[in-house]
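Single-letter residue listing:
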Amino acid sequence: MLKPESFPIDKIYVPVKRRKALKPEVVQEIAESILEIGQQAPILVRPDDDRFVLVEGLHRLEACKALGERAIIGLLVSAEVAHQKTLSPQSATAEAERQKMERLRKLRLEREAAEKLGGAARAVLETEAVRQREHPKTIRNNLKATSSQSGRRTSGSTPRTLSEWVKQRERDGGRY
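Residues numbered from 1 in each chain as written. Predicted model: local features only at pLDDT ≥ 70, side-chain atom pairs only at ≥ 80, totals over all residues. Heavy atoms only, no water.

Moving on: the nonpolar core. Of all hydrophobic cores here, the largest spans 19 residues; its most connected members are I12, V45, L54, L61 and I72. Among the elements that make up this core, the one with the highest residue count is helix 2 (residues 24-37) (5 residues). Residues in contact with I72, not counting those within four places in the same chain, are E5, S6, F7, I9, I12, Q39, I43, R60, L61 and C64. (Core = buried A, V, L, I, M, F, W, Y, C linked by side-chain atoms within 4.5 Å. Buried < 20%, exposed > 50% of the residue type's maximum accessible area, 1.4 Å probe, protein only. Helix = DSSP H or I, 4+ residues; strand = E, 2+ residues; numbered from the N terminus. Contact = heavy atoms within 4.5 Å.)

See the structure below:
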């Protein structure tokens, strides 16, 4: 079993043939994922004199470079394993890549949903601000009423139902 190690990014050589397969949009998604959850899958490198040659993980390597990282988690494989990887794409590798892309898609959808909710909250606040400008006395009176009512409450929680409200009012000595 191979043990993940940290490799300096500037010591990793990417073959020209492999570099042609680079997709900037995939690098961007992986970089966002690394920022949120960290690097999940190590890259594969093989030793070559005083450097390492990238076997697998071009997009992860480029994402770490884009994030300004100086090192990346990887596995050191032999030249034989590297040769097998280049000859036949293994289904496990393809499945891992598919799962990674699915995870990135879910993260993107969650982020978009959060942005939509943020937009809806901004719209509510803007509507409230407009309403406050149009009817400042009503809001001011409502604020006075709620502050005076809150002073009468002894219970720390607000009632959720009418019967809880009646019980709270009776307990506080108020009329309903």
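The discussion continues.
Per the counting criterion, the structure on display carries 1 aromatic pair. Ring centres of F7 and F52 lie 4.9 Å apart, and the angle between their planes is 70°; this geometry places the pair in the edge-to-face category. With F7 in strand 1 (residues 5-8) and F52 in strand 4 (residues 51-56), this residue pair connects regions lying 45 residues apart in the sequence. For the pair F7 and F52, one class covers both residues: buried. Positioned above the aromatic ring of Y13 is the side chain of R51, whose terminal nitrogen or guanidinium carbon lies 4.2 Å from the ring centre. (Phe/Tyr/Trp six-rings, centres within 6.5 Å; stacked < 30°, edge-to-face > 60°. Lys NZ or Arg CZ within 6 Å of the ring centre and 35° of its normal.)

Here we take up unusual backbone geometry. Although it is not a glycine, D49 sits at a positive phi angle of roughly 55°. Mapped onto the secondary structure, D49 falls in the loop between strand 3 (43-48) and strand 4.

So, on to the pairing of strand 5 (residues 71-76). Sheet analysis places strand 1 next to strand 5, joined by 4 bridges and oriented antiparallel. Bridge pairing in strand 5 links S6 to I73. By the bridge criterion, 3 bridges tie strand 3 to strand 5 in an arrangement that is parallel. Note that in strand 5 the partner of V45 across the bridge is L76. (Pairing = 2+ DSSP bridges.)

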